[in-house]
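# Chains, contacts and geometry: an overview
Listed here are the chains, written in short residue letters.
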Amino acid sequence: MSSQISITTTGASSQPRYAAIKAHIRAQIESGEWPAHFRVPSENQLAQDFNVSRMTARRALSELTDEGVLIRSQGLGTFVAEPVPAGSLLEVRNIADEVAARGHSYGNRILKLEQTTASTEVAVALGLAEGAAVYHSIIVHLDNGLPIQFEERYTNPTLVPEYLQQDFSAATPNEYLTRVAPLTEADTTVEAIGADVTVAEALEITSGNACLQIWRRTMSRAGTVSFARLVHPGNRYRLGAQLRF
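Residues numbered from 1 in each chain as written. Predicted model: local features only at pLDDT ≥ 70, side-chain atom pairs only at ≥ 80, totals over all residues. Heavy atoms only, no water.

Let us now look at the sheet that holds strand β4 (residues 106-117). Spatially, β4-β5-β6-β9-β8-β7 is the arrangement adopted by the six strands of the open sheet, whose pairing is antiparallel. Strand pairing shows two members of the sheet lacking a second neighbour, β4 and β7 (185-194), which therefore form its edges. Between one strand axis and the next, the sheet turns by 15 degrees as a mean value, whatever way the strands run. Two strands pair when backbone bridges link them, and strand β8 (residues 210-220) and strand β9 (residues 223-233) are joined in this way by ten bridges, in the antiparallel orientation. Bridge pairing in β9 places Ile214 opposite Leu230. Packing against the sheet, helix α6 (residues 173-180) makes contact with β5 (133-143), β6 (146-155) and β9, and its axis sits at approximately 40 degrees to β6. (Pairing = 2+ DSSP bridges. Helix = DSSP H or I, 4+ residues; strand = E, 2+ residues; numbered from the N terminus. Axes fitted to C-alpha atoms, helices over the stretch in contact; angles between N-to-C directions. Contact = heavy atoms within 4.5 Å.)

Turning next to the pattern of salt bridges. Evaluation of the coordinates by the stated rule reveals nine salt bridges. Taking the shortest distance from any N to any O, the salt bridge between Arg54 and Glu43 comes out at 3.1 Å. Of this pair, Arg54 sits in helix α3 (residues 54-66) while Glu43 sits in helix α2 (residues 43-50), placing them eleven residues apart in sequence. The class for Arg54 is partly exposed, based on a relative accessible area of 46%. What makes Glu43 buried here is its relative accessible area of 14%. Across the pair Arg217 and Asp187 runs a salt bridge whose closest N-O atoms are separated by 2.7 Å. Of this pair, Arg217 sits in strand β8 while Asp187 sits in strand β7, and the two are 30 residues apart along the sequence. (Salt bridge = Lys/Arg side-chain N within 4 Å of Asp/Glu carboxyl O. Buried < 20%, exposed > 50% of the residue type's maximum accessible area, 1.4 Å probe, protein only.)

Structure, rendered in structure tokens:
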């Protein structure tokens, strides 16, 4: 028999019941009591332990699942998710290296690799004339088979003329460009967006889901090399930075 858990707090800081359940689950995870892949109590068990309705318990689990804290497996239950991978806002890292550093398996899907003409936005970003030839690639990067980044990149063909001939299933565009046109400068902009249909399908999420979008322009000594849009599902990725003074 499990003991009932009190969720009553005092004063003006009292929480809604579902929020208190969420806080309890987060505390168990952060303390290490419930590690990654730990099976959390069921809706029925939480409803009994916290003396709440099953609907209240379901809301707590559903919101934590949407936030990437928990993961649900049909027929098996709800489990603690692995920590969301983090990238740095202050450095340009190869996504394959980030995945490998977590001990995971990297993979990708190449959706597009072509020559096209520069739109006004792309031309300005790359310092080219509008309508000039540019190389265009779209690649979905995977962490243990799970899509974590939609990369759409426009590359300056005068600086990397052999871009379209590369096997990007073996080496990412970032890895290749770093080798042939070493980075000297990068401009980065980050924004929150809702996934459009194309991005949602590529990342295997629902259209409109919250995503983190990064615009990045990279330069070498010879000029602007590429202009990329990197989109991450909001519950599968985060950005961090450390500053020292």
